[in-house]
Amino acid sequence: MEFGINFFPTVGPDDKPAATYFEEALWLAELAEDLGFDHVKTVEHYFFKYGGYSPDPVTFLAAVAARTRRIKLVTGAVIPAFTHPLKLAGKLAMLDNISKGRLQVGFGRAFLPDEFDAFELSMDESRPRFAEGLRACQRLWAEEDVVWEGGFYRFGPVTLLPRPYQRPHPRILVAAAITPSSCEQAGRDGHGLLLVPSISKREKVQEMLTLYRKAYAEAGHPAGGDEVHMSYNCYLSEDADEARAKGKEYSQRTNSVMVDAVAAWGRRRSEGYEGYDQIVDKIAKADFDRSLSENKVLVGTPAEVTERLRTIREWYGDVTVSLQVISGNPPLEESVRTLRLFAEQVLPHFRGAA
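Residues numbered from 1 in each chain as written. Predicted model: local features only at pLDDT ≥ 70, side-chain atom pairs only at ≥ 80, totals over all residues. Heavy atoms only, no water.

## Looking at the pairing of strand 3 (residues 72-78)
Logical step 1: The buried fraction of strand 3 amounts to 5 of the 7 residues, a majority that puts the element mostly inside the structure.
Logical step 2: Direction of pairing for strand 2 (residues 39-42) relative to strand 3: parallel, over a ladder of 4 bridges. The partner of V40 across the bridge, within strand 3, is L73.
Logical step 3: Handedness of the β-α-β unit built from strand 2, helix 2 (residues 57-67) and strand 3 comes out right-handed.
Logical step 4: By the bridge criterion, 4 bridges tie strand 3 to strand 4 (residues 103-107) in an arrangement that is parallel. Note that in strand 4 the partner of L73 across the bridge is L103. (Buried < 20%, exposed > 50% of the residue type's maximum accessible area, 1.4 Å probe, protein only. Helix = DSSP H or I, 4+ residues; strand = E, 2+ residues; numbered from the N terminus. Pairing = 2+ DSSP bridges. Right-handed = clockwise from strand over helix to strand, strands pointing away.)

Below, the structure is given as structure tokens:
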């Protein structure tokens, strides 16, 4: 198993100035490399406390690249619907060169109605826009004199500069929320997968993984390339009672800002987002204690979290785990403690050292 950190901000100006947030996040990214973590990841969201301090993953990861030498950089995820593929492919190729090939590109569809409204895009077009944007980026990275005539974009012949550092292009990951067909398509295409297991039952996650891995194998892609990333809220303390109390507090804060971000689903329907009309009610009824018992959060002492991860590995296999140590806006020193405890007392159990 590999482990990294996922920066999913849940703050606004009344909680923490943006300059302070970025200063702390970049310091944590440097610490993560020093402690032996494998990757740094961040999201793309707008306008809300739910992710809104991260409108451009490329900018943040470029700053991380300048401060680190080894750790992988992962977009989790960029939204092709919101950026022209010529611009998106170029920005990501720059980052791949700046980091000397440490980039993995996660692509996502987005799911917040207010974001689509602000960009004046129809949510019903999100799936074809996603597919076209991803494929256009892939061709721009891998080919020269690209001519593109799609449903949303037409350009060419053009040859992207700079060329990506990794040839033919950086590793591609696809974000999937609750749609099994998205996982199956990612497998057929030979891409990695980004999942958030906290929003689905274990059996549903296992079904999605089975479809993905089966499609990947049947398409004849290289063995071992069926990479799966899973993100978990994480809070560690050597005091079990403190870990549980603080972990619950920060999880509830995260849920409260998410409720605000998804509120538009209470009055919106889209054929491309089956079941999302129920998301407001599901988030409002989220129960931390049940999530903890179902291993949907990594909260507890180092020993308790180690056992949770062993169970997760039994359920899902050797996945890549992204720790969300800033969600809920804990004080910096508590995020640092979580990272240090995890690195010193949890990581060795999954690296053959204990």
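Now that the structure is up, let's keep going.
## A word on the side chain of E24
Logical step 1: Assignment of secondary structure puts E24 in helix 1 (residues 18-34).
Logical step 2: When sequence neighbours within four positions are dropped, the list of residues in contact with E24 reads K16 and L332. (Contact = heavy atoms within 4.5 Å.)

## Notes on unusual backbone geometry
Logical step 1: Cis geometry is found at the peptide bond from G156 to P157, where omega equals 5°.
Logical step 2: Within the fold, P157 resides in strand 6 (residues 154-158).
Logical step 3: Geometrically, the link from L161 to P162 is a cis peptide bond, its omega value of -5° lying close to zero.
Logical step 4: Within the fold, P162 resides in the loop between strand 6 and strand 7 (171-175).
Logical step 5: Positive phi values are uncommon outside glycine, yet N329 reaches one of about 60°.

## Some words on the pairing of strand 7
Side chains on a regular strand alternate between the two faces of the sheet.
Logical step 1: Here 4 bridges tie strand 4 to strand 7, and the two strands are oriented parallel to one another. Residue pairing in the sheet places G106 in a bridge with L173 of strand 7.
Logical step 2: Two elements, strand 7 and strand 8 (residues 192-195), share 3 bridges in a ladder whose sense is parallel. Opposite A175, over in strand 8, you have L194 as the bridge partner.

## Some points on the packing of aromatic side chains
Logical step 1: For the structure on display, the rule yields 20 aromatic pairs.
Logical step 2: Measuring from centroid to centroid gives 5.1 Å for Y21 and F22, while their planes differ by 70°, and the two rings are edge-to-face.
Logical step 3: Its relative accessible area of 6% is what places Y21 among the buried residues.
Logical step 4: Under the relative-accessibility criterion, F22 is labelled partly exposed at 30%. (Phe/Tyr/Trp six-rings, centres within 6.5 Å; stacked < 30°, edge-to-face > 60°.)

## Points about the pattern of salt bridges
Logical step 1: The full count for this structure, using the stated rule, is 20 salt bridges.
Logical step 2: In this structure, R139 engages E143 in a salt bridge whose closest nitrogen and oxygen atoms are separated by 3.1 Å.
Logical step 3: For E143, a relative accessible area of 30% puts it in the partly exposed group.
Logical step 4: E218 is the salt-bridge partner of K214, the closest N and O atoms lying 2.7 Å from each other. Residue K214 and its partner E218 are located together in helix 7 (residues 202-218), separated by 4 residues, close to a single helical turn.
Logical step 5: Each of E242, K246, E334 and R337 takes part in salt bridges that share partners, so that together they form one network. (Salt bridge = Lys/Arg side-chain N within 4 Å of Asp/Glu carboxyl O.)

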